[in-house]
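Reading the structure
Each chain, written out:
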Amino acid sequence: MQAPEQQAAVDARPPRKGAVRPMTAADVPAVARLFMKIYRASDRPADLDLQNYLKAITLEAPSYSEATGAYIYEQQDGRIPSAMLAVPMRFIACGTVVPGRLVCTLMTDKEAGGAAQLVLTLRPRRPDIQFSDTASPTTFNHWQAIGAKPIPAHNLEWTRSFRPLGALAGRLGDRFFRGRSLGLATFARPIDALLLRRFSEKNAVEHGGAKVTDMSVKAFLEQAPGFIAHYAVRPLWSEEELGWLVSLAAQNTTHGAFTIRAVEDRAGTLIGCFVYYAAPGRTAHVLNVLSHRGQEIVVLNAMFHYLESSGHVEARGRAHPALMAGLSLQRWLVFRHKAFAVVLTRLPDANDAVARGDIFVGGLASEDWSRLMSDFH
């Protein structure tokens, strides 16, 4: 039995029970601070840059609604120990436009409540699409427990090396020296040149006669929906929504300059495009490779040839079922598990499409473009 003074101390503690509700603009400072504590190991107020960015991606999407936005768990004392960030984006599910939600981050302060209650808000109660491609093993189990379906191919990240030692030097610099190579790249360059001469025939990327050209944002907004139109489940990508995503993606400069390139066949017909962060001398981070059906291999070959010739040491991106045949033909390309990808919907036809891989997500239809993944340190 507790002593009276101990019991009094327990009774004086603020109650831990609370409630889940949609996130509002007034919650942004607390949620931003929670983000810094959980993901950046910094228990201090977040700066205005992070606060404004969080507000933009969670509350200012063209298709925002409370049902498709971020949620927080608020205790009775007003503290917010748990939050689930989300980016609203409309989807086409087997011919029907439905609300969509990209669930980004589920964060919970140590020993705090609310995580389970936030997960339960994901249970499908209306015709919509909810998805994530950055789920950890624990979060993946939570998703499966409420009926989500996995997309196995999207779990993988591919890496295509052009200059292996230069790529290794870059990874070492990023991991141990905060992006500084300390001369490792300079040391690697002549060795890579020797390796390329020795294995040039085995490593060469054939462009297949296709040509890579610049593509304006305006042209991309017009053409991109057509490149994904054959998928049964796909983002709507209206000009307003896709333009909003592109504008946010362009703000992220941690991996290089946001860039869009078109791919034309021998006759000059547009057959695809690719979106990436250009960083000659470093890694090209590819967000999306889009093409007309049946042109995936040609577009991939043209992309890899262009990225190699423009001086990148390697290229990296997320796998997709339609790209697997073309990716598997590449030399010096490896796959590794990145994170779990899941989709949750109560629509039977959409679930069938997910099961057969007839869904488009990733890149601009995921959070690979988000500054929250690599910025605000």
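Residues numbered from 1 in each chain as written. Predicted model: local features only at pLDDT ≥ 70, side-chain atom pairs only at ≥ 80, totals over all residues. Heavy atoms only, no water.

Section: the overall build of the protein chain
Where we set the bar: A helix here means a DSSP run of H or I that spans at least four residues, while a strand means a run of E at least two residues long, and both kinds are numbered starting from the N terminus. To sort residues, take the accessible area from a 1.4 Å probe on protein chains only and compare it with the maximum for the residue type: under 20% means buried, over 50% means exposed, and anything in between is partly exposed. Contacts: residue pairs with any heavy atoms within 4.5 Å of one another. Surface exposure here means Shrake-Rupley accessible area, sampled with a 1.4 Å probe, where a residue is shielded only by the protein chains that are shown.
In terms of regular secondary structure, the protein chain is built from 13 helices and 17 strands. Counting only residues that meet the buried cut, the protein chain has 50% of its 377 residues in that class. Expressed as a percentage of contacts within the protein chain between residues at least 6 apart in sequence, the contacts between residues at least 24 apart total 73%. Just so you have it, the protein chain exposes about 17700 Å², and 54% of that area is on carbon and sulfur atoms.

So, the pattern of salt bridges
As a reminder, the rule being used: We count a salt bridge whenever a side-chain nitrogen from Lys or Arg sits within 4 Å of a carboxyl oxygen from Asp or Glu.
Throughout the structure, instances matching the rule amount to 16 salt bridges. The partner of E157 in a salt bridge is R336, and the shortest N-O contact between them spans 3.0 Å. Pair noted here: E157 is in strand β9 (residues 156–161) and R336 is in strand β16 (residues 333–337), with a separation of 179 residues, a long-range link. In this structure E157 comes out as buried when scored by relative accessible area, which is 6%. Of the residues examined, R336 reaches a relative accessible area of 43% and is grouped as partly exposed. Salt bridges here are not isolated pairs; linked through shared partners, they connect R21, D27 and E74.

So, the confidence of the model for the protein chain
Predicted coordinates in areas of low pLDDT are best not read in detail. Formally: On a range of 0 to 100, pLDDT expresses the predictor's confidence in each residue.
Counting all residues, the mean pLDDT for the protein chain is 88, and 83% of those residues have values of 70 or more. Confidence drops under a pLDDT of 50 for residues 1–15, and excluding neighbours within four residues, the segment shows six contacts in the predicted structure.

Observations concerning the layout of surface pockets
Threshold: Cavity means a closed set of points on a 1 Å grid over the protein atoms alone, one where a 1.4 Å probe fits but cannot get out, pocket means an open set with protein on both sides within 12 Å along at least 5 of 7 lines, and lining means a residue has an atom within 4 Å of a point. Grid points are joined across faces, edges and corners, and a volume is the space filled by probe spheres set on the points. When residues are sorted by character, Ala, Val, Leu, Ile, Met, Phe, Trp, Tyr, Cys and Pro go into the nonpolar class, Asp, Glu, Lys and Arg into the charged class, and all the rest, Gly among them, into the polar class.
Of the voids in this model, the second largest pocket is the one considered here, and its volume is about 150 Å³. The wall of the second largest pocket is formed by A30, R33, L34, K37, D43, R79, I80, P81 and D109. Taken together, the residues of the lining of the second largest pocket break down into four nonpolar, no polar and five charged.

Quick notes on the sheet that holds strand β14 (residues 283–291)
Quick reminder of the rule: Strands were regarded as paired on the criterion that DSSP finds at least two bridges between them. For helices, the fitted axis covers only the stretch in contact; all axes are lines through C-alpha atoms, and the angles between them, taken along N-to-C directions, range from 0 to 180 degrees.
Taken in spatial order, the seven strands make up an open sheet running β10-β12-β13-β14-β15-β9-β16, and their pairing is mixed. Looking at strand neighbours, the two that pair on one side only are β10 (211–214) and β16, the edges of this open sheet. Put simply, the sheet's adjacent strands are angled 30° from each other on average, direction ignored. With eight bridges connecting them, strand β12 (residues 257–264) and strand β13 (residues 270–278) associate as antiparallel partners. Residue pairing in the sheet places R261 in a bridge with F274 of β13. Where helix α9 (residues 217–227) meets the sheet, it contacts β12, β13 and β14, and its direction lies at approximately 120° from that of β13.

What to know about the sheet that holds strand β3 (residues 82–88)
Read across the sheet, seven strands follow the order β1-β2-β3-β6-β7-β17-β8 without closing on themselves; strand pairing throughout is mixed. The open sheet terminates on both sides in strands that have one partner only, identified here as β1 (18–22) and β8 (149–150). Where helix α2 (residues 28–39) meets the sheet, it contacts β2 (71–75), β3 and β6 (100–108), and its direction lies at approximately 65° from that of β6.

Some words on α2
What counts, and what does not: To estimate the expected span of a helix, count its residues, drop one, and scale the result by 1.5 Å.
In this model, α2 (twelve residues) spans 16 Å end to end at C-alpha, consistent with the 16 Å of a helix rising 1.5 Å per residue. Within α2 the residues assigned to the buried category are V28, V31, A32, L34, F35 and M36. Among the structural elements, α3 (48–59), β2, β3 and β6 are those in contact with the buried residues of α2. Positive phi shows up at A41, right after α2, with a value of about 50°.

Details of the packing of aromatic side chains
To keep things clear, this is the line we draw: Put simply, two rings from Phe, Tyr or Trp (the six-membered ring, in Trp's case) pair if the centres are within 6.5 Å, and we call them stacked under 30 degrees between planes, edge-to-face over 60, tilted for the rest. By the criterion adopted, a ring carries a charge over it if an Arg CZ or a Lys NZ lies within 6 Å of its centre and within 35 degrees of its normal.
In total, this model carries eleven aromatic pairs according to the counting rule given. Considering the side-chain rings of F140 and F340, the 4.3 Å spacing of their centres and the 15° angle between planes classify their relative orientation as stacked. On the criterion of sequence distance, the pair formed by F140 in helix α5 (residues 137–145) and F340 in strand β17 (residues 340–344) is long-range, its members being 200 residues apart. Take F140 and F340: they sit in the same class, and that class is buried. Taking the ring centre of Y53 as reference, the NZ or CZ of R371 above it sits at 5.2 Å.

Points about the packing of α3 against helix α10 (residues 239–251)
Our working definition: These descriptions rest on fixed angle ranges, namely under 35 degrees for roughly parallel, over 145 for roughly antiparallel, 65 to 115 for roughly perpendicular, and the rest for oblique. Here a crossing is taken to be left-handed if its near helix is turned anticlockwise relative to the far helix by less than a right angle, and right-handed if that turn runs clockwise.
Interhelical geometry of α3 versus α10 gives an angle of 155° and a closest axis separation of 11 Å. Here α3 is positioned roughly antiparallel relative to α10, judged by the angle of their axes. As α3 packs across α10, the resulting crossing turns out to be left-handed. The residues of α10 that touch α3, namely those facing Y53, A56 and I57, are W244, L248 and Q251. When the residues that make up the contact of α3 with α10 are grouped by side-chain class, the tally is five nonpolar, one polar and no charged.

Comments concerning the environment of N301
Positionally, N301 belongs in helix α11 (residues 296–309). Overall, N301 belongs to the buried group, its relative accessible area being 18%. Here the alpha-carbon distance between N301 and A210, two residues 91 residues apart in the chain, equals 8.5 Å.

Regarding the side chain of E367
Our working definition: Charged-residue counts in this description rest on Lys and Arg as positive and Asp and Glu as negative, His and the chain ends being excluded. Counted as a polar contact is a pair of N or O atoms within 3.5 Å, where, for protein atoms, one must be capable of donating a hydrogen and the other of accepting one, and residues adjacent in sequence contribute only when both atoms are in side chains.
Positionally, E367 belongs in the segment after α13 (348–355). The side chain of E367 sits in the buried core without any salt bridge; R318 is the nearest counter-charge, 8.0 Å away. Within polar-contact distance, the side chain of E367 engages the side chain of T134 at 2.5 Å. In this structure E367 touches L102, V103, C104, T105, D133, T134 and M373, once residues within four positions along its chain are discounted.

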